[in-house]
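Residues per chain, in single letters:
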Amino acid sequence: MVGKADFSVPVKARLPEQMQGTYDLIFLLTKQLENRKVATFLCTYLAKDGLLVTMQNGFHARSGIR
């Protein structure tokens, strides 16, 4: 893409107790200290070829998320 685009994409946010089935794309927006616990939980809902996208300031070098 060259230039500028201005658009919105609607999303369906879910609380943990509302999750069902599998998802192709999951955005993880938690405090960094909770990454391992939350990522482990989310992996049970992630499609085999899905992506888990984190949006924190970064991972601690020893966070150990796999």
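See the structure shown above.
Residues numbered from 1 in each chain as written. Predicted model: local features only at pLDDT ≥ 70, side-chain atom pairs only at ≥ 80, totals over all residues. Heavy atoms only, no water.

Caption draft 1: Quick peek at the pairing of strand β1 (residues 23-28). One ladder, built from five bridges, connects β1 with strand β2 (residues 46-54); its direction is parallel. Its bridge partner being in β2, phenylalanine 27 is matched across the sheet by valine 53. Once the chain exits β1 it traverses helix α1 (residues 35-43) before rejoining the sheet at β2, and the crossover so formed is right-handed. (Pairing = 2+ DSSP bridges. Helix = DSSP H or I, 4+ residues; strand = E, 2+ residues; numbered from the N terminus. Right-handed = clockwise from strand over helix to strand, strands pointing away.)

Caption draft 2: Layout of the packing of aromatic side chains. Under the defined criterion, the tally for this structure stands at one aromatic pair. Taking 5.3 Å as the distance between ring centres and 55° as the angle between the ring planes, the aromatic pair formed by phenylalanine 41 and tyrosine 45 counts as tilted. Here phenylalanine 41 falls in the partly exposed class, since its relative accessible area comes to 34%. Of the residues examined, tyrosine 45 reaches a relative accessible area of 18% and is grouped as buried. (Phe/Tyr/Trp six-rings, centres within 6.5 Å; stacked < 30°, edge-to-face > 60°. Buried < 20%, exposed > 50% of the residue type's maximum accessible area, 1.4 Å probe, protein only.)

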